[in-house]
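Each chain, letter by letter, is given below.
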Amino acid sequence: MITSVSIDKREILKHYQKIAVDTHKGIQGHALIIGGSYGKIGAVCLSSKAALKTGCGLVTAFVPKCGYEIVQTFIPEVMVLTDVKKKCISNINFDFKPNAIGIGPGIGQDELTQKAFLKFLKTNETPLVIDADGLNILSQNKTWFLLLQPKTILTPHPKELERLIGKWNSEEEKFEKTISFSLQYHVIVVMKGAPTHIIDGETVYKNATGNPALATAGSGDVLTGIITSFLAQGYESVQAAILGVFLHGLTADIAVPKTGFQSFIASDIIENLGEAFLSLE
Ligand SMILES: NC(=O)C1=CN([C@@H]2O[C@H](COP(=O)(O)OP(=O)(O)OC[C@H]3O[C@@H](n4cnc5c(N)ncnc54)[C@H](OP(=O)(O)O)[C@@H]3O)[C@@H](O)[C@H]2O)[C@@H](O)CC1
Ligand SMILES: Nc1ncnc2c1ncn2[C@@H]1O[C@H](COP(=O)(O)OP(=O)(O)O)[C@@H](O)[C@H]1O
Ligand SMILES: [Mg+2]
């Protein structure tokens, strides 16, 4: 039986964790963001910065070599690891244990990257968010769905969702297909849109925040960083997704009276996270 839940402030406050006075960066979670390719390193910059700006203690970005100076310069607080290849990721290799991983923003679909992604999925046991080209690679290799750990979070926009589950003929059918997909592979699907819905098996959460200002490049990349950050901080997968989607939308609601719809860009989501958090206190 399908359960529908509205995500509003009251629902958020049921699970929202305040920061402990004696916390330190070592226990605030270490997020790893894997992505980027030549011309799309910005996606990782945005994800990584968003992860730090949502309370994660440490953030490492894994990018192709061409991304090294870009990420270091854009956000010096983020640590950077690089692939052996210059323009795309070919072998995902890191020597620490992150608390959560976000993979896909700007990663591209090069054959080498697809192979690296498969190798990663075969061994990964860390809580995971998959977005953007990570989803597109999965859609091209549907047998890999079976490699996903339970509670993996997928964050498709409508086109990425269609590539994952196939076309639908009505809104009702879109939900039926997404729920079946979530049940079959035990994954959480963040169906991005206006509004965004989060599907966790037969439970459908409908978000109440956000507006068309979010229809701007990199807005989803920021969301990936935020959700990965909450996963790294120890939130249950579905709670990380819900809190992430709610705060992401709230930043746009807070900012629009100052920016208007048109001048709002993905970096403004990150800029307004502080006010969004304060509104929960
Ligand atoms: N600065 C950077 O480095 C940035 C890097 N980025 C990276 O680029 C990579 C490609 O990602 P992408 O999403 O741009 O391409 P893609 O998957 O082909 O989807 C585009 C098509 O999908 C559709 N569509 C989308 N939204 C929809 C909606 N709400 N409602 C309905 N339809 C919707 C729409 O299709 P149409 O309607 O035109 O048929 C549109 O043409 C990815 O790795 C990403 O991380 C970007 O994040 C940008 C900033
Ligand atoms: N009209 C809208 N109203 C509310 N939210 C929107 C609207 N358009 C886009 N969004 C949100 O913006 C984000 C766009 O994500 P995505 O398409 O992946 O962007 P990108 O790949 O450029 O980072 C999603 O969270 C989506 O819900
Ligand atoms: Mg996207």
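Residues numbered from 1 in each chain as written. Chains lettered and ligands numbered in written order. Predicted model: local features only at pLDDT ≥ 70, side-chain atom pairs only at ≥ 80, totals over all residues. Heavy atoms only, no water.

J.: Tell me about the pairing of strand S9 (residues 197-200), and name the residues and values.
T.: Residues His197 and Ile199 line one face of S9 and the alternating positions Ile198 and Asp200 line the opposite face, and both faces are buried. Note that strand S8 (residues 188-191) and S9 share four bridges and pair antiparallel. Bridge pairing in S9 links Val189 to Ile199. Taking the residues that link successive antiparallel strands as the turn, the S8-S9 hairpin has five residues. As judged from the four bridges shared by S9 and strand S10 (residues 203-207), these two strands associate in the antiparallel manner. Within the sheet, the bridge partner assigned to His197 lies in S10 and is Lys206. Hairpin connection between S9 and S10: a loop of two residues separates the two successive antiparallel strands, and Gly201 in this loop has a positive phi of roughly 60°. (Buried < 20%, exposed > 50% of the residue type's maximum accessible area, 1.4 Å probe, protein only. Helix = DSSP H or I, 4+ residues; strand = E, 2+ residues; numbered from the N terminus. Pairing = 2+ DSSP bridges.)

J.: Could you give an account of the site of ligand 1, with specific residues and numbers?
T.: What surrounds ligand 1 is a group of 16 residues, the closest being Gly106, Asp133, His157, Arg163 and Asp221. Measuring from an oxygen atom of ligand 1, one finds a side-chain N or O atom of Arg163 at 2.8 Å. Separating an oxygen atom of ligand 1 from a side-chain N or O atom of Asp221 is a distance of 2.7 Å. If ligand 1 stood free it would expose 920 Å²; the protein chains cover 52% of that surface. Broken down by secondary-structure element, the contributors of at least two residues to the shell around ligand 1 are helix H2 (42-52), helix H5 (132-140) and helix H6 (158-165). The element contributing the most residues to the shell around ligand 1 is H6, with four residues. In the shell around ligand 1, the residues fall into four nonpolar, six polar and six charged. (Near = heavy atom within 4 Å. Polar contact = N/O pair within 3.5 Å; in protein donor to acceptor, adjacent residues only side chain to side chain. Areas by Shrake-Rupley, 256 points an atom, 1.4 Å probe, with all protein chains shown as cover. Nonpolar A, V, L, I, M, F, W, Y, C, P; charged D, E, K, R; others polar.)

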